[in-house]
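Next come the chains, spelled out residue by residue.
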Amino acid sequence: MTATLISSLIDGTSVPGAAGTLLSTNPAQLDDVVAEISLASVDQVVEAFRAATAAQRAWADTPAPVRGRVIAQVGRLVESNKEALAALIVREVGKPRAEALGEVQEIIDTCDFFLGEGRRLYGQTVPSEMRDKQLFTFRVPVGVAGIITAGNFPVAVPSWYLVPALLCGNAVVWKPAEYSAALGDALTRLFVAGGVPAGVLNTVQADGPTTFEGLSQALSQGLVQKVGFTGSSEVGAQIGALCGKHLQSPCLELGGKNPLVVMPDADLDLAAEGALFSGFGTAGQRCTSLGVAIVHADVYDAFVEKFVHRVETAAIGDPTGDVLYGPMLSERFLSGFEKWLGEVQPHHEVHGSTGVGRITADNPRAGFVGDPEAGVFAHPTVVTGVRADDALYLNETFGPLVSVMRFSTFDEAVELANGHGYGLSSAIYTSSPKAVWDFRSRVSAGMLSVNNSTSGAEAHLPFGGNGKSGNGSRQSGVWVLDQFTRWQSMNWDYAGKLQKAQMDTEESAYDPRFSL
């Protein structure tokens, strides 16, 4: 296929970058160049924020129901382009087709939810303590939002930001991941075709350091009022520190070390199936991927046997085929994953495949689908015997690796579920309602599944984490409105005289000595 030249979209115009180019390649077929990306400079990133600032007021003045209609039109366009967008997901980031279609459906669902929010965006009328006075609250847009997203969910997660931010009357500068630049460009064009005006959505194709410096300058110049970031906990901490200098609270959706607890009364086949999808879907490259299975001693051996068997026999390879997972997102992600494989210790046992690390002709995976030499593929790895002081327990490994730990008491299971300091997603497999409610009240994760995988967010529930997984901000559903609006209160006194709150209030007489 012919590579597409992609540039930034600033104020409705395609702007060639001033910072060189790079190539986005198909991770399952490295000789397939998907796009050549013209990279923006720091000055161009700042210019995008200026364009957003100039366009935001008119967009905010557009009636909210009309903005909702634009979101509806975007949703219908994504729906009619579902197959084409999914095919690009398969090609540029290597997701199997079923996952790719599901990701596009997430955009459609998000648009369908928020198209009606333009007719809600409710404020309140509040009783005053005084006569001839009324109190009101209003949701108002924050202004300009700077959004930076990862490429493991290259169109679904951006929609979690873009749709509500635009619906609420904000203008946006969006920076997609470099390795999913073609998808960022495609999604941008769908939004523009849906009716988003020039300057209201600006997409900058830039590398990480350039984006950070551009964002820093835009914050210093008062050109951005909200930052949203999805990515690693390490970079999220830097974004948080930068925003804190400007007294802003960013929306941070970061990494996870998501636990799956298997109680002694669990359906072990169901738990093993859930662990397989949780741990190895998208090659373990989800923020909600299973990080550590925490299994009761009474069922530990039986669970490990069922889980490992499923991993060993899972189809892996060419994402155009019927596989559990395809390639790593890029060679950079494979290198990062291989560093964590170096943390396997003598007290661990490794299971799951006919090799460890990169799948090649010399390090083959039994039953591999396609040509392993064509792309960037990694063996699935299950590590048993993991301890609470191991690096494999304490860190997100972001790849096809699941650690397995043993527990004896419920308190121990909760401690292991929380002890690594992340708090994004979690799961428990049990038939006991008491275990469910006790775990829910004590787990630190922002999301909990019962007898289901750690992955699988729905568009109308709050999504986000705590601790090293985020700062408590939430995306999706009505909860994300608090990220992209601010509350404004108003009092209207029509008494024709100055009435002072807490001082000029009426009192009703009562008899404090009364008794029956």
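Reference entry: report on the structure contained in this document.

Procedures and definitions
Residues numbered from 1 in each chain as written. Predicted model: local features only at pLDDT ≥ 70, side-chain atom pairs only at ≥ 80, totals over all residues. Heavy atoms only, no water. Pairing = 2+ DSSP bridges. Helix = DSSP H or I, 4+ residues; strand = E, 2+ residues; numbered from the N terminus. Axes fitted to C-alpha atoms, helices over the stretch in contact; angles between N-to-C directions. Contact = heavy atoms within 4.5 Å. Polar contact = N/O pair within 3.5 Å; in protein donor to acceptor, adjacent residues only side chain to side chain. Core = buried A, V, L, I, M, F, W, Y, C linked by side-chain atoms within 4.5 Å. Buried < 20%, exposed > 50% of the residue type's maximum accessible area, 1.4 Å probe, protein only. 1 Å grid on protein atoms, 1.4 Å probe; cavity = no way out; pocket = protein on both sides within 12 Å on 5 of 7 lines; lining within 4 Å. Points joined across faces, edges and corners; volume = space filled by probe spheres on them. Nonpolar A, V, L, I, M, F, W, Y, C, P; charged D, E, K, R; others polar. Parallel < 35°, antiparallel > 145°, perpendicular 65-115°, else oblique. Right-handed = clockwise from strand over helix to strand, strands pointing away. Patch = residues over 30% accessible without salt bridge, like charges linked within 9 Å, V, L, I, M, F, W, Y side chains within 5 Å. Areas by Shrake-Rupley, 256 points an atom, 1.4 Å probe, with all protein chains shown as cover. Salt bridge = Lys/Arg side-chain N within 4 Å of Asp/Glu carboxyl O. Disulfide = S-S within 2.5 Å.

### Regarding the pairing of strand β5 (residues 29-38)
At step 1: Sheet analysis places strand β1 (residues 4-6) next to β5, joined by three bridges and oriented parallel. Note on β5: the bridge partner recorded for L5 is E36.
At step 2: Relative to β5, strand β4 (residues 21-26) runs antiparallel, the two sharing six bridges. Bridging across to β5, L22 finds its partner in I37.
At step 3: Following β4, the chain reverses through two residues before pairing antiparallel with β5.

### Details of the sheet that holds β1
At step 1: Pairing within the open sheet is mixed, and its three strands lie in the order β1-β5-β4. Only two strands of the sheet have a single neighbouring strand rather than two, namely β1 and β4. Neighbour to neighbour, the strand axes of the sheet diverge by 35° on average, direction disregarded.

### Observations regarding the environment of Y422
At step 1: By the element assignment, Y422 lies in strand β18 (residues 422-423).
At step 2: Taking the C-alpha atoms as reference, Y422 lies 8.0 Å from S444; in sequence the two are 22 residues apart.
At step 3: Look past the residues within four positions of Y422 in its chain and what remains in contact with it is S233, G255, G256, K257, L394, N395, E396, S444, N466, K468 and S469.
At step 4: Within the local environment of Y422, its side chain forms a polar contact with the backbone nitrogen of E396, the two atoms lying 3.4 Å apart.

### Quick notes on the nonpolar core
Side chains that are nonpolar tend, in soluble globular proteins, to be buried together.
At step 1: Grouped together as the largest cluster of nonpolar side chains are 119 residues, with contacts concentrated most on L85, V172, F191, V262, F280, F303 and F307.
At step 2: In terms of residues, this core owes the most to one element, helix α5 (residues 156-167), which gives eight residues.
At step 3: Beyond its immediate stretch of four places on either side in the chain, V172 contacts A52, A145, I147, L162, A165, L166, V200, L201 and N202.
At step 4: A48, A52, L252 and L254 belong to the second-largest nonpolar core, a separate cluster that totals 26 residues.

### Observations concerning the layout of surface pockets
Rolling a probe over the atoms, with the probe sized like a water molecule, indicates the empty space that remains.
At step 1: Roughly 950 Å³ of volume is contained in the largest pocket.
At step 2: If you trace the largest pocket, you find 35 residues lining it, with G231, S232, V235, R332 and F333 closest to the centre.
At step 3: Of the residues assigned to the lining of the largest pocket, the class counts are 15 nonpolar, 13 polar and seven charged.
At step 4: Its volume calculated, the second largest pocket comes out at about 480 Å³.

### Digging into unusual backbone geometry
At step 1: Backbone geometry at F398 places phi at a positive 45°, although glycine is not the residue there.
At step 2: Its place among the elements puts F398 in the loop between α12 (391-394) and β17 (401-407).
At step 3: With a phi close to 65°, Q502 is a non-glycine residue in the positive phi region.
At step 4: Inspection of the secondary structure assignment puts Q502 in the segment after β22 (485-493).

### Some thoughts on the packing of helix α2 (residues 64-80) against α5
At step 1: Relative orientation of the contacting elements α2 and α5 amounts to 150°, with a least axis distance of 9 Å. Classified by the angle between their axes, α2 and α5 sit roughly antiparallel to one another. Mapping the contact onto sequence places A64, R67, G68 and I71 in α2 and V163, L166 and L167 in α5.
At step 2: Its residues assigned to classes, the contact of α2 with α5 comprises five nonpolar, one polar and one charged.

### Focus on the pairing of strand β14 (residues 290-296)
At step 1: Here β14 lies mainly inside the structure; seven of its seven residues are buried.
At step 2: Across five bridges, strand β13 (residues 258-262) lies against β14 in parallel orientation. Within the sheet, the bridge partner assigned to V262 lies in β14 and is V295.
At step 3: For the segment spanning β13, helix α9 (residues 268-280) and β14, crossover handedness is right-handed.
At step 4: Bridge count for β14 against β17 is five bridges, and the pairing is parallel.

### Overview of a nonpolar patch on the surface
At step 1: Taken together, the side chains of F138, M490, W492 and Y494 define a hydrophobic patch exposed on the protein surface, amounting to about 430 Å² of accessible area.
At step 2: Residue position: W492 is located in strand β22.

### A closer look at the pattern of salt bridges
At step 1: Counted by the stated rule, this structure contains 20 salt bridges.
At step 2: Two residues, E117 and R120, come together in a salt bridge whose shortest N-O distance is 3.0 Å.
At step 3: The class for E117 is buried, based on a relative accessible area of 5%.
At step 4: A salt bridge links K434 to D438; the shortest N-O distance between them is 2.9 Å. With K434 and D438 both in helix α14 (residues 433-442) and four residues apart, the pair spans about one turn of that helix.
At step 5: Sharing partners across several salt bridges, the network here consists of D269, E273, K306 and R310.

### Looking at empty space enclosed by the protein
At step 1: Here the structure, examined in full by the defined rule, presents four cavities of 30 Å³ or more.
At step 2: By volume, the largest cavity amounts to about 80 Å³.
At step 3: In terms of lining residues, the largest cavity is bounded by G256, K257, G284, R286, S289, L290, G291, E396, T397, F398, G399 and L401.
At step 4: Class assignment of the residues belonging to the lining of the largest cavity gives a composition of three nonpolar, six polar and three charged.
At step 5: The computed volume of the second largest cavity comes to approximately 50 Å³.
At step 6: Where the lining of the second largest cavity is concerned, the elements lending two or more residues are α1 (42-61), β8 (144-148), β9 (171-175) and α7 (208-220).
At step 7: The residue inventory of the lining of the second largest cavity, partitioned by class, reads seven nonpolar, two polar and one charged.

### Section: the state of the cysteines
At step 1: Under the counting rule described, the total for this entry stands at zero disulfides.
At step 2: Between C243, a free cysteine, and C251, which holds the nearest cysteine sulfur, the sulfur-to-sulfur gap is 11 Å.
At step 3: With relative accessibility at 2%, the residue C251 sits in the buried group.

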